[in-house]
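Take a look at the letters that make up each chain.
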Amino acid sequence: MTDQPLDGPRPDDAPTAPIAPPPAETGPSSYSPAPDAPTEWQRQNWPAPERPTPETWFEPSVPPAPPAAKLARSRATVGIGTLLAVSVLTAGLASGGTYLAIRASGSADRTVATIAPAGQPTGAANPVTIDESSAIVNVAQKVSPAVVQIVTGSAPSQTDPLAQQGVGSGVIFDRNGWILTNRHVVTGATRLTVQLKDGREFDGTVYGIDTLTDLAIVKIEATDLPTATIGDSSELKVGQLAIAIGSPLGTYSNSVTSGIVSAMGRSIQVDGGPINNLIQTDTAINPGNSGGPLLDALGNVIGINTAIAKNAEGIGFAIPINIARPIMQQAVAGQQLARPWIGVRYVAIDLQLQKQKNLPVSAGALIGPGVDANGQATVGIVAGSPAAKAGLKDGDIITAVEGQAIDGDHPLDAVLSQFAPGRTVTLGILRDGQKLELQLLLGTRPTNL
């Protein structure tokens, strides 16, 4: 048996059957004036209201000439409705390089407290106050050059004379042509074209696919490219400003939207399996935003947009950037993308489980046998696994990894994902009421998990 998926449900939770999504539709795009009479500066600097787009995009079953679009769907349920992987499928693309900066209506006087920049210890920097509308403008100017549009597809053939193309987004994280995007954006593609905001186009190759979550690395042959600053998602706070940049509908490249971090640690079910420990945001993301960055008020990348709830408004999901960081480092170092594995089955401890099993702690990872989604019995520790070699036993509670406490905000797999295979880590263990420390050499996560 294998590790429980990142921040996933307990083994005894019943699996949720995926539900096919209805035909795609997008909401209106609108402009709301400030609540007070505009000043002279506002009249000069705020754009005139644009006419709203239709409530629904009606799309024929067979795409005509560009720019009609057909949404690429992923079936998923999360208890709130159908989820949609936010990439776009179209027979022809008209990417006009449109730049859309969306200002939160009536938010010019609101402020937002930001977190310490990545790399600084928790609490190292005092919160700073930033005017929200100014922050969005600054972030758009700073980061948009590093956000790319990724067009995928295959050459027409006798069996497929109208070869379709997919559209997603990506973010350049290294000046030598390294791009982070979603796995579902590039999966199955035989051809990649990467389009920069300045109009340049490059052929792209898929360097590697993540074995843990919906991430991939794309490489283009270019140097001295604009890059985005990689932030730190470990200290995100619910309610803080979140900004998305991408190519919604595959047409409106470098569009900017803003909202807040709505929740942390969300889990969703998609065709490829569960994706866990996600950031939930009400920032408007749409098909075509897949792989684009979610940013904080300073323009640091805090997540990669990956899915939306189709039958709801303002419910989107992004993969925290700290989960992506290890594979980004591996790619730049020329290494194969790999994830750590210890070979245990566990249950995340909460107050309810503590009471039910009379456990001595209210947080941690309880190792033990269980039943998988197919009703098959599973062992707590895989024979010959890193956990077995380190001396872990059924009934052990993992309380910490390298000093990081395991709890609801820091589930075991989320913490382990930030280390590379081959590294030795120290585990804090509670066994029969006694505290222990064990050294464990991280293995490589099998590709079939």
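Residues numbered from 1 in each chain as written. Predicted model: local features only at pLDDT ≥ 70, side-chain atom pairs only at ≥ 80, totals over all residues. Heavy atoms only, no water.

1. What about the overall build of the protein chain?
In terms of regular secondary structure, the protein chain is built from seven helices and 29 strands. Restricting the contact set of the protein chain to residue pairs at least 6 apart, pairs at least 24 apart contribute 66%. As displayed, the protein chain offers around 20900 Å² of accessible surface, 52% of which is attributable to carbon and sulfur atoms. (Helix = DSSP H or I, 4+ residues; strand = E, 2+ residues; numbered from the N terminus. Contact = heavy atoms within 4.5 Å. Areas by Shrake-Rupley, 256 points an atom, 1.4 Å probe, with all protein chains shown as cover.)

2. Re the pairing of strand 16 (residues 273–281)
Among the nine residues in strand 16, eight count as buried, and that is most of the element. One ladder, built from six bridges, connects strand 15 (residues 255–270) with strand 16; its direction is antiparallel. Looking at the pairing, Ala263 lines up with Gln280 of strand 16. Judged from the three bridges that link them, strand 16 and strand 19 (residues 316–320) form a sheet pairing that is antiparallel. Residue Thr281 lies in a different strand from strand 19, and its bridge partner there is Gly316. (Buried < 20%, exposed > 50% of the residue type's maximum accessible area, 1.4 Å probe, protein only. Pairing = 2+ DSSP bridges.)

3. Some details on helix 4 (residues 321–332)
The terminal C-alpha atoms of helix 4 lie 16 Å apart, and with twelve residues this matches the ideal 16 Å at 1.5 Å per residue to within 8%. Burial analysis of helix 4 places nine of its twelve residues in the buried class, the great majority of the element. Taken together, the buried positions of helix 4 are occupied by Ile321, Asn322, Ile323, Ala324, Pro326, Ile327, Met328, Gln330 and Ala331. Directly beyond the C-terminal end of helix 4, a positive phi value near 80° is found at Gly334. (Expected span 1.5 Å × (residues − 1).)

4. A short note on helix 2 (residues 132–143)
For helix 2, spanning twelve residues, the distance from its first C-alpha to its last is 16 Å, which sits close to the expected 16 Å at 1.5 Å a residue. Within helix 2, the full set of buried residues consists of Glu132, Ser133, Ala135, Ile136, Val139, Ala140 and Val143. Down the axis of helix 2, the sector holding all buried residues measures 160°, keeping them to one side. (Arc of directions from axis to C-beta.)

5. A look at the nonpolar core
Side chains of nonpolar character tend, in soluble globular proteins, to be buried together. Ranked by internal contacts, the top residues of the largest apolar core, which has 54 residues, are Leu180 and Ile217. No other element matches the six residues that helix 4 contributes to this core. Here Ile217 is in contact with Phe173, Trp178, Ile179, Leu180, Thr205, Val206, Tyr207, Gly208, Ile327, Met328, Ala331 and Leu337, once residues within four sequence places are set aside. (Core = buried A, V, L, I, M, F, W, Y, C linked by side-chain atoms within 4.5 Å.)

6. A look at the pairing of strand 9 (residues 178–181)
Residue alternation in strand 9 divides its side chains into two sets, Trp178 and Leu180 and Ile179 and Thr181, and both sets are buried. In this structure, strand 8 (residues 165–174) lies alongside strand 9, joined through three bridges in antiparallel fashion. Residue Val171 lies in a different strand from strand 9, and its bridge partner there is Leu180. Joining the antiparallel neighbours strand 8 and strand 9 is a turn of three residues, in which Gly177 adopts a positive phi near 95°. With four bridges joining them, strand 9 and strand 12 (residues 216–220) adopt antiparallel strand pairing. Residue pairing for strand 12: Thr181 is matched across the bridge by Ala216.

7. Some thoughts on the pattern of salt bridges
Taken as a whole, this structure holds six salt bridges when the rule is applied. Measuring nitrogen to oxygen at the nearest pair gives 2.8 Å for the salt bridge that ties Asp210 to Arg339. Here Arg339 lies in the loop between helix 4 and strand 20 (340–341) and Asp210 lies in the loop between strand 11 (201–209) and strand 12, a separation of 129 residues in the sequence. Arg339 matches Asp210 in its accessibility class, with the two residues each being buried. In this structure, the salt-bridge partner of Arg431 is Asp396, at a minimum N-O distance of 2.8 Å. With Arg431 in strand 27 (residues 424–431) and Asp396 in the loop between helix 6 (386–390) and strand 25 (397–401), the pair connects residues that are 35 residues apart, well separated along the chain. The exposure class assigned to Arg431 is buried, which follows from its relative accessible area of 18%. (Salt bridge = Lys/Arg side-chain N within 4 Å of Asp/Glu carboxyl O.)

8. So, the confidence of the model for the protein chain
With 68% of its residues at a pLDDT of 70 or more, the protein chain shows a mean pLDDT of 76. Looking over the protein chain, one finds the lowest element-wise mean pLDDT in strand 4 (residues 100–101), namely 27, and the highest in strand 9, namely 98. Below pLDDT 50 for its whole length, residues 1–39 participates in 105 contacts with residues either more than four positions away or in separate chains. Counting contacts from residues 89–124, a segment whose pLDDT is below 50, to residues more than four positions away or on other chains yields 98 contacts. (pLDDT = per-residue confidence, 0-100.)

9. Brief notes about the environment of Gly246
Take Gly246: it is sitting in strand 14 (residues 241–246). Residues contacting Gly246, with those up to four places away along its chain left out, are Val147, Ser169, Tyr252, Ser253, Asn254, Ser255 and Asn289.

10. What about the packing of aromatic side chains?
A full pass over the atoms with the stated rule returns one aromatic pair. Considering the side-chain rings of Trp178 and Tyr207, the 5.0 Å spacing of their centres and the 85° angle between planes classify their relative orientation as edge-to-face. On the criterion of sequence distance, the pair formed by Trp178 in strand 9 and Tyr207 in strand 11 is long-range, its members being 29 residues apart. According to the relative accessible area criterion, Tyr207 is partly exposed, its value standing at 30%. The ring of Trp178 has Lys219 sitting right over it, with the charged end atom 5.3 Å from the ring centre. (Phe/Tyr/Trp six-rings, centres within 6.5 Å; stacked < 30°, edge-to-face > 60°. Lys NZ or Arg CZ within 6 Å of the ring centre and 35° of its normal.)

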